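# Reading the structure
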Amino acid sequence: MAGPGEQQPDQTTVPLSCVVQGNFQPCIEDHLLQDILVYFVFAYFLAEMLIKVTALGLTAYLQHNWHKFDVFILCGEILDFSLKALGFHVEICFVLTPLRLFSRVDEMRKLVSMLLGILPMLGNVLILYVFVIYIFGLVGVQLWAGDLRYRCFLGEDIAA
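Note that the structure is predicted; figures quoted are calculated from it, not measured.

## Quick look at the confidence of the model for the protein chain
Segments scoring low in pLDDT should not have their predicted coordinates read at a detailed level. Confidence in the prediction of the protein chain, expressed as mean pLDDT, is 81, and 86% of residues score 70 or more. Mean pLDDT values over the elements of the protein chain span from 71, in helix H1 (residues 8-22), up to 92, in helix H3 (residues 58-61).

See below:
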């Protein structure tokens, strides 16, 4: 169980990452402050991962699925920085960085786990929805049978 002060850096760094992404302007050449903040957030999460790997060991650290997700995001950011150094501005993991919030806040983690558990049931609803749309399409084709063809046009009295 984490103490009250232990989550404080995470609760400020993850929203900082979201603010950096909200202010992202790709067309501006010189965005030094934004680059500094991106590197700071990356360094914070990299240091956090390295400290946890040192304390727990690599195998114990990777047993937790949310830690695997953090490693995936960090590897993607390392790839982004490498490609940026080579002159390719791809920003592969730019969208995934705010998702760190899911692994940091217990309520968000529970909510995401619950939503992922509901997905099989939503698949059945999706199949039923597609079936109903298909039936309505068949009924529409049979009822109108081409009677509405070439009916969508602007009349002569309507100015285009």
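Now that the structure has been shown, the text picks up again.
## Quick notes on the packing of aromatic side chains
Counted by the stated rule, this structure contains four aromatic pairs. With 4.9 Å between their ring centres and 85 degrees between their planes, phenylalanine 42 and phenylalanine 81 make a pair best called edge-to-face. You can see phenylalanine 42 sitting in helix H2 (residues 32-56) and its partner phenylalanine 81 sitting in helix H4 (residues 65-85), a full 39 residues away along the chain. Seen in terms of ring centroids, tyrosine 44 and phenylalanine 45 are 5.1 Å apart; in terms of plane orientation they differ by 75 degrees. Their pairing is edge-to-face. On the basis of relative accessible area, tyrosine 44 is assigned to the partly exposed category, the value being 22%.

## Examining H2
Along its 25 residues, H2 runs 36 Å from first to last C-alpha, staying within 8% of the 36 Å computed at 1.5 Å per residue. Buried within H2 are the following residues: Gln34, Val41, Phe42, Phe45, Glu48 and Met49. Taken from the residues just after H2, glycine 57 is the one with a positive phi, measuring 95 degrees.

## Details of the environment of isoleucine 36
In this fold, isoleucine 36 is placed in helix H2. Look at isoleucine 36 and you get partly exposed, because its relative accessible area is 48%. Separated by 16 residues in the primary sequence, isoleucine 36 and valine 20 have C-alpha atoms spaced 10.0 Å apart.

## Remarks on the pattern of salt bridges
Where charged atoms from two side chains of opposite charge come close, those side chains can pair. Enumeration over the complete set of coordinates arrives at two salt bridges. Taking the shortest distance from any N to any O, the salt bridge between aspartate 35 and lysine 84 comes out at 3.3 Å. Here aspartate 35, found in helix H2, pairs with lysine 84, found in helix H4; they are 49 residues apart in sequence, far enough to count as distant. Lysine 84 sits in the partly exposed class, given a relative accessible area of 25%. Here lysine 52 ties to glutamate 48 by a salt bridge, and the two come within 3.5 Å at their closest N and O atoms.

## Focus on helix H6 (residues 106-144)
Side chains three or four residues apart in an α-helix point the same way, a direct result of the helix having 3.6 residues per turn. The end-to-end C-alpha distance of H6, which contains 39 residues, comes to 54 Å, matching closely the 57 Å that a straight helix rising 1.5 Å per residue would cover. Within H6, the axis deviates most sharply at proline 120, by approximately 40 degrees. Of the residues trailing H6, alanine 145 is marked for its positive phi of about 40 degrees.

Rules used throughout
- Residues numbered from 1 in each chain as written.
- Predicted model: local features only at pLDDT ≥ 70, side-chain atom pairs only at ≥ 80, totals over all residues.
- Heavy atoms only, no water.
- pLDDT = per-residue confidence, 0-100.
- Helix = DSSP H or I, 4+ residues; strand = E, 2+ residues; numbered from the N terminus.
- Phe/Tyr/Trp six-rings, centres within 6.5 Å; stacked < 30°, edge-to-face > 60°.
- Buried < 20%, exposed > 50% of the residue type's maximum accessible area, 1.4 Å probe, protein only.
- Expected span 1.5 Å × (residues − 1).
- Salt bridge = Lys/Arg side-chain N within 4 Å of Asp/Glu carboxyl O.
- Bend = angle between axes of the 7 residues up to and from the residue.

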